[in-house]
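# Structural overview for review
In case you want the letters, here they are:
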Protein chains: 2
Amino acid sequence: MSLYSAAVASSSSDPVAIIGASGALGFGLAIRLARVGVPIAIGSRDATRAEQAAERARAIVGDGSFSAHENAAAASDAPIVILSVPFRSQSETLTNLKDALSPGQLLIDATVPLAAAVSGKATRMLGVWQGSAAQQAAEMVPEGVRVVSALHTVSAASLTDLEHPLEQDVLVCGEVRADKRDAAELIERIDGLRCVDCGRLEMARTTEAMTALLISVNSRYKAHAGVRLTNLPEQLWQ
Amino acid sequence: MSLYSAAVASSSSDPVAIIGASGALGFGLAIRLARVGVPIAIGSRDATRAEQAAERARAIVGDGSFSAHENAAAASDAPIVILSVPFRSQSETLTNLKDALSPGQLLIDATVPLAAAVSGKATRMLGVWQGSAAQQAAEMVPEGVRVVSALHTVSAASLTDLEHPLEQDVLVCGEVRADKRDAAELIERIDGLRCVDCGRLEMARTTEAMTALLISVNSRYKAHAGVRLTNLPEQLWQ
């Protein structure tokens, strides 16, 4: 375990684990991060699918560092873990990660509780008892695991098309400013992504719902829209 | 009554009624619209407060056309009515407008059900039984009044500072595309505002909640942030 305390920034050679990296958003994040030199531990429920995703990723980012694992194995060795699974699998996945996650790790939850999870519309949200998928994640991780919510509104299609300029913001929520800053430091290594501190984890209810709103906008305009907040100061993470 | 059917665009000399124009958002909209030549019927619960707001507006926009009325009188003569009242007054205001509104009028609802309405936080939302304040408005207006949801995320402070470049989007929701286009035509007369069709009225649940999110962002960054959706086509209302 190469864990780090909140006081110590992760080294650029530490791997970032992406749980659900065979999915569209997770895969897009994997190749975007690998392209800027972040070693990626690709996690999937199934080791074969993880290896297939790693091979696809290597074909796109030739000099990227990708290792393939079942989810728990991917998570156990990474200071930062990105959770990018469909909402219908979030709870089960976090249960399966209970023994893999340890205090000090940072979990970036990107789960969106779209009604599509229960055969509803992708423009509608489910009500999550805890308030949001991120709050469900915070409730389920072992004590000491730091949870931040981010990355919901970034289009998987835009991420996967490496030539596509992203030029958008990532809305970050979490209880602890330093945790959000750590997440922002990683995410902002991807060219064109700027992270904005949107407040406490409970605000994830709205940042998650922005995804359904963008799906509605995208279906109207045949687009892959992103979000930008205007009129903010230059320095957002001082 | 100078009503118009959905087939007939409102003339630029028709007044726009702003219900709650003595409030910050309503007042900002009044002066921004008046500055580009839209006659404004300033509505307030109280005729004296309406006249005071009109005087303040005339002092800022010398060549603007402002008339002052109690809410119902303001609404009855305008093809387009902007509802800009605190959520705690929305239902009562709409009840009082029942005899003033007529089929064919367009109501642009800008109400945000912030928890502040019940002494809660301005970064939190109330659950509205109908789904959103806009849907409550749609349920309460007389049959044939067209309801569109818009303008929640535009900062009142930025609107009121006429030198401030707005450079942001207005997220528009509604059941009928033509109604949304009519609202967009009016709103886009304000320099720097671009309207985006975000889908059916039910999506207002999220566009309204964006206000609470921006309040959270603004409190962190001492800013008046706006929303911009990136990566959309040039023409949004063809």
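Quick look at the structure, then. (Residues numbered from 1 in each chain as written. Chains lettered and ligands numbered in written order. Predicted model: local features only at pLDDT ≥ 70, side-chain atom pairs only at ≥ 80, totals over all residues. Heavy atoms only, no water.)

## Points about the packing of aromatic side chains
- Overall, the coordinates contain zero aromatic pairs over all chains when judged by the stated rule.
- If you follow A:Arg56 out to its NZ or CZ, it ends over the ring of A:Phe27, 4.1 Å from the centre. (Phe/Tyr/Trp six-rings, centres within 6.5 Å; stacked < 30°, edge-to-face > 60°. Lys NZ or Arg CZ within 6 Å of the ring centre and 35° of its normal.)

## Thoughts on the environment of A:Glu234
- In this structure, A:Glu234 sits in the segment after β9 (226–230).
- Along the chain, A:Glu234 and A:Ala34 lie 200 residues apart, while their C-alpha atoms are 27 Å from each other. (Helix = DSSP H or I, 4+ residues; strand = E, 2+ residues; numbered from the N terminus.)

## Focus on the sheet that holds strand β7 (residues 168–174) of chain B
- Strands sit in the order β3-β2-β1-β4-β5-β6-β7-β8 (chain B) across an open sheet of eight strands; the sheet is mixed. If you trace the sheet from one side to the other, it starts and ends with β3 (66–70) and β8 (193–197) of chain B, each paired once. Within this sheet the neighbouring strands show an average axis-to-axis angle of 25°, counted without direction.
- Bridge count between strand β2 (residues 40–44) of chain B and β3(B): five bridges; the pairing is parallel. Across the sheet, B:Ala41 pairs through a bridge with B:Ser67, a residue of β3(B).
- The sheet strands contacting helix α8 (residues 204–221) of chain A are β7 and β8 of chain B, and the helix crosses β8(B) at an angle near 90°.
- With respect to the sheet, helix α4 (residues 87–96) of chain B is in contact with β1 (16–19), β4 (80–83) and β5 (106–109) of chain B, its orientation differing from that of β4(B) by roughly 150°. (Pairing = 2+ DSSP bridges. Axes fitted to C-alpha atoms, helices over the stretch in contact; angles between N-to-C directions. Contact = heavy atoms within 4.5 Å.)

## Structural notes on the pairing of strand β8 (residues 193–199) of chain A
Residue and element names in this part refer to chain A.
- With six of seven residues buried, β8 lies mostly within the body of the structure.
- As paired strands, strand β7 (residues 168–174) and β8 are joined by six bridges and run parallel to one another. Within the sheet, the bridge partner assigned to Cys173 lies in β8 and is Gly199.
- Once you follow β7 into helix α7 (residues 177–187) and on to β8, the crossover reads as right-handed. (Buried < 20%, exposed > 50% of the residue type's maximum accessible area, 1.4 Å probe, protein only. Right-handed = clockwise from strand over helix to strand, strands pointing away.)

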